[in-house]
Every structure is written in C-alpha cells, then in structure tokens.
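A closer look at the structure
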Amino acid sequence: MEQTKHLPLSLYGLEEETIAEILSLTKSFQAKQIFNWLVKGVYTFETMTDLPKAERERLSSLMSSACSSSIHTSETDESGATKMGIRLHDGKVVECVLLVDKKGRHTACLSSQVGCAQGCTFCRTGTMGLSRNLSAEEIIEQYIHLLSASKQPITHIVYMGMGEPLANIAPVTRSIRYFHNPKTFNISLRRITVSTCGVVPGILKLAEQKLPVKLAVSLVSADNRLRDRIMPVNQTWDIMTLKKALLHYQRLGGKRFTIEYCMLGNTNTDEISAKKLASYVRDLDVIVNLIPWNPAEELPYQTPTEEEIDHFTLLLDRLHVNYTRRRSRGREINGACGQLAVPINKGLEYNLMIDEEDEE
C-alpha cells in the first residue's frame, strides 16, 4: 500500500517538477500532462484521458480533486457579465466576475481576501472586516472557474474583487507570475491591473518588484478631512504620504496608472473637490477614472445625477485634468462596483468598471 504523504489542497500554481514530486510520478512527462490539463480547467484525474487508467485511479485515491474550491453560485446578465460565488476549502465563499466589454474583450475580476480590513464607507466589503487572506492557488482557481463560463479566452485580469490586494501582496504577485507564465496563460503584465485603496507599504513593495502591471488607486477625495471620513486608510497614510509613494513608484519604472474616483452624490463632486483633485494629480502621470457610485441601500450615499456628473466633468475640463468617464457592467446581477455580496459568510465586495477607452 502506498505510504500516505502530506498533499496540498490544490495543484494550481505549482511547477511541473513539484507536481511530479508531490504525486510520486514515476514518469516525468505525466507531470506535464497533468499541468496542461490544469491549465485547460480540468482538475479531476479521472477526466485526464491521456493518463493510463491505473494511474488515474491511483491519483484519484490520493486527491479527489486537484482544485481546492468549487463553484457555489453563478448568474449571468444580458451584457454577458457572469458573477460566481466560489466556495473555498473551509466553506467560506468569495465572488469573482467575468466581464465582457463592447469590443468582446473578456476580463476576470478576482478577489484577494475573504472580506476586507480597510473599512471604506462607500463599499459593502468595508462593513464586514477581514476574515482571511486568499492563497495564490485560491486566486488562480477563481480564474479557472470563470474560464468554464467564458466562450473565449480571458485576456485581462483585474484584482478589484473582495479585499485589498496590496495587503496580501505575496500571494497576489505569485498568482500574477502564474498568469503571465508562457506555459499557462501567457497574459501580458500590461493586461493585469492591481487595485489599492492606498496601502503605501504595498505600493512600495510592488515598485521594488518592478512588475509592469497596471496600478489603480482608489482616491475618492483629494481632501484629507473628507477622505479620513470616507476611507479610514487615509488616517494611516494620508494623501501626501500616498502621493510620495506614487511618485516613487513612477520613478522606479511604473508607467501611467489610474486614479479611481468614485463619485458620491453631493459629497465629492463640487468645485472645491475638482480643484483639489486637479492640484493632486498635476505632477503625476495618471488618468482619472470617474466612477458613479452604485446603489447599496445600507450605505449612506447616493448616486450622482447625470447633471451633477456633467458639471463635475466640465470643471475638470477647465482644470485640464486627464480623465475618462466609466460605466459599470453587471449591475443587473448586483455585480457592479459596490454591489457584490455573499450572504453565506457576509462576504461583500466591489468590482471592475469597464473602461471602453482602454485599447489593450
């Protein structure tokens, strides 16, 4: 009888050599076969048909699945957006979203944590606190599950789901390298976006790694007092500390990044807010993404009217701010920015706003 050994919960994120060692494979080419099946989204050994039947049975007795998670819920709206609840090995659920833009581009919006510790008051995730970080394999598996709902390759990835990616930077960057690996999905680093609410140590670590991914920074307000109230992270790293980190990031080779500016009705869309935003971004190589807040009944904000948005953009035009107006997808399934929720573990998140002007 084969001696029992400690096995990982998942084979995702592992190199072929490690897979061969873990599974005690006697033929090295079988590790490559298994690796290739995993990339295709096949993670049960009995369906890996190019392996001998006896070997499939042996492997199945070792691991019932090479994937540690499963699809808990899935729903799709008319735009093609698909929201999935992913049940993790410990029973917790996170959500990820497949989004399809007008160009037919498929984007995976992935979570990096179960919950979030940052407490942003305009985001449902902020009401629940942090349960735990996700491992690299749990991040990768979200992409794999979304592949099962996609009619074509998923070419873009955004870390804009549940959690603060730069507060879990090691698994996040490990998953990025896996997605970029030519042997897996060969996704260009410039087609991967990492979002942050302004966790300065994480921005500095990302700068040191010199991974040319896109960076998206949720600012919401360039006024310290207002941002203190809206985003508690500002009480630790205020807007000028954040700006110093962003300038350092760009000096070390970071390309143009985006400022995510969630427009809150009658809160951050007046003339003073526009002037402070213009002053803040003046010496940064940045584009401002204007994102109308999506309704969440339990949160104390409102969506700005079209007239309010038009007035704010007119102010930004006069102040020569480089911006784009963005629109959400997935609203019909509560999959737009600020709307996602996971009742089973009170997991709540926000997610991608499609930028139609992004040509990559």
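Presented here is a report on the structure given in the accompanying data block. Since this is a predicted model, take the numbers as computed values, not measurements.

Here the focus is the overall build of the protein chain. A count of helical and extended segments in the protein chain gives 10 helices and 16 strands. Relative to its 360 residues, the protein chain shows a buried fraction of 58%. Restricting the contact set of the protein chain to residue pairs at least 6 apart, pairs at least 24 apart contribute 66%. Only carbon and sulfur atoms are counted for the fraction: they give 51% of the accessible area of the protein chain, which is about 15,700 Å².

A separate point is the layout of surface pockets. Of the volumes computed, that of the second largest pocket is approximately 160 Å³. The wall of the second largest pocket is formed by 13 residues, among which Pro292, Glu306, Ile309, Arg325 and Arg326 lie closest to the centre. Among the secondary structure elements, those contributing two or more residues to the lining of the second largest pocket are strand 11 (286-292) and helix 10 (306-318). Of the residues in the lining of the second largest pocket, the class split is 7 nonpolar, 2 polar and 4 charged.

Turning our eyes to something else, we now look at helix 3 (residues 53-62). Turning to helix 3, its buried residues number three or more, namely Glu55, Arg58 and Leu59. On an axial view of helix 3, the arc spanned by its buried residues comes to 95°, and they lie on one face. The outward face of helix 3, more than 90 degrees from its buried face, is lined by the exposed residues Lys53 and Ser61. Of the surrounding secondary structure, the elements contacted by the buried residues of helix 3 are helix 2 (28-39).

The next subject is helix 5 (residues 169-180). The terminal C-alpha atoms of helix 5 lie 16 Å apart, and with 12 residues this matches the ideal 16 Å at 1.5 Å per residue to within 8%. Of the surrounding secondary structure, the elements contacted by the buried residues of helix 5 are helix 2, helix 4 (136-147), strand 7 (156-159), strand 8 (192-196) and helix 6 (200-209).

Okay, the pattern of salt bridges next. As a working rule, side chains carrying opposite charge can pair if their charged atoms are close by. In this structure the tally under the stated criterion is 17 salt bridges. Salt-bridge contacts for Lys183 lead to Glu16; the nearest nitrogen and oxygen are separated by 3.8 Å. One end of the pair, Lys183, is in the loop between helix 5 and strand 8; the other, Glu16, is in helix 1 (residues 16-22), with 167 residues separating them in the sequence. The closest approach of N and O atoms between Lys83 and Glu95, which form a salt bridge, is 4.0 Å.

Counting buried residues along strand 10 (residues 257-263), 7 of its 7 residues qualify, which places the element largely inside the surrounding structure. Along strand 10, one buried face is formed by Phe257, Ile259, Tyr261 and Met263 and the opposite face, lined by Thr258, Glu260 and Cys262, is buried too. Across 3 bridges, strand 9 (residues 214-218) lies against strand 10 in parallel orientation. Bridged to Ser218 within strand 10 is Glu260. Judged from the 7 bridges that link them, strand 10 and strand 11 form a sheet pairing that is parallel. Residue pairing for strand 11: Ile259 is matched across the bridge by Val288.

Each regular strand displays side chains that alternate between the two surfaces of the sheet. Most of strand 11 sits out of view: 7 of its 7 residues are buried. Judged by which residues are buried, strand 11 turns out to be covered on both faces: Val286, Val288, Leu290 and Pro292 on one side and Ile287, Asn289 and Ile291 on the other are all buried. Between the parallel pair strand 10 and strand 11, the chain is carried across by helix 9 (residues 271-281), and the sense of this crossover is right-handed. Of the strand pairs in this sheet, strand 11 and strand 12 (residues 323-325) are connected by 3 bridges, and their pairing is parallel. Looking at strand 12, one finds that Leu290 is bridged to Arg325. Of the crossover connections in this fold, the one passing from strand 11 over helix 10 to the parallel strand 12 is right-handed.

Mapped onto the secondary structure, Gln209 falls in helix 6. Overall, the relative accessible area of 31% leaves Gln209 in the partly exposed class. A polar contact is formed between the side chain of Gln209 and the side chain of Arg177, at a distance of 3.2 Å.

This paragraph deals with the packing of helix 5 against helix 6. Relative orientation and spacing of two packed helices are given, respectively, by the angle between their axes and the distance between those axes. Contact geometry for helix 5 and helix 6: axes closest at 11 Å, N-to-C directions at 35°. Crossing angle aside, the handedness with which helix 5 passes helix 6 is right-handed. Here helix 5 contributes Ile169, Thr173 and Arg177 to the contact with helix 6, which in turn contributes Gly202, Lys205, Leu206 and Gln209. Its residues assigned to classes, the contact of helix 5 with helix 6 comprises 2 nonpolar, 3 polar and 2 charged.

Cut-offs and rules
Here, residues in each chain are numbered from 1, in the same order as that chain's written sequence. The model is predicted, so local features are restricted to residues of pLDDT at least 70 and side-chain atom pairs to those at 80 or more, both for listing and for counting; the totals for chains, interfaces and linings are taken over all residues. Computation of side-chain values covers all heavy atoms of the structure but excludes hydrogens and water. Numbering of helices and strands runs from the N terminus, with a helix taken as a DSSP run of H or I at least four residues long and a strand as a DSSP run of E at least two residues long. Using a 1.4 Å probe on the protein chains alone, a residue whose accessible area is under 20% of its type maximum counts as buried, one over 50% counts as exposed, and one in between counts as partly exposed. Should any heavy atoms of two residues lie within 4.5 Å, those residues are considered in contact. Values of accessible area rely on a 1.4 Å probe in the Shrake-Rupley scheme; residue burial ignores everything except the protein chains shown. Cavities and pockets were defined on a 1 Å grid built from protein atoms only: a cavity is a group of points that admits a 1.4 Å probe but offers it no way out, a pocket is an open group of points flanked by protein on both sides within 12 Å along at least five of seven lines, and a lining residue is one with an atom within 4 Å of any such point. Grid points are joined across faces, edges and corners, and a volume is the space filled by probe spheres set on the points. Residues were grouped as follows: Ala, Val, Leu, Ile, Met, Phe, Trp, Tyr, Cys and Pro as nonpolar; Asp, Glu, Lys and Arg as charged; and all remaining residues, including Gly, as polar. Directions from the helix axis toward the C-beta atoms define the arc. Expected span, for any helix, means 1.5 Å times one less than how many residues it has. Here, a salt bridge means any side-chain nitrogen of Lys or Arg that lies within 4 Å of a carboxyl oxygen of Asp or Glu. By definition, two strands form a pair when at least two bridges between them are found by DSSP. Orienting the strands away from the viewer, one traces the path from the first strand over the helix to the second; a clockwise path indicates a right-handed crossover. Residues adjacent in sequence count toward polar contacts only when both atoms are side-chain atoms; beyond that, a polar contact is any pair of N or O atoms within 3.5 Å, and within protein one must be able to donate a hydrogen and the other to accept it. Convention adopted: a line fitted to C-alpha atoms gives each axis, helices being fitted over their contacting stretch, and angles between N-to-C directions are expressed from 0 to 180 degrees. In this scheme the crossing of two helices becomes right-handed for a clockwise turn of the near helix relative to the far one and left-handed for an anticlockwise turn of less than a right angle.

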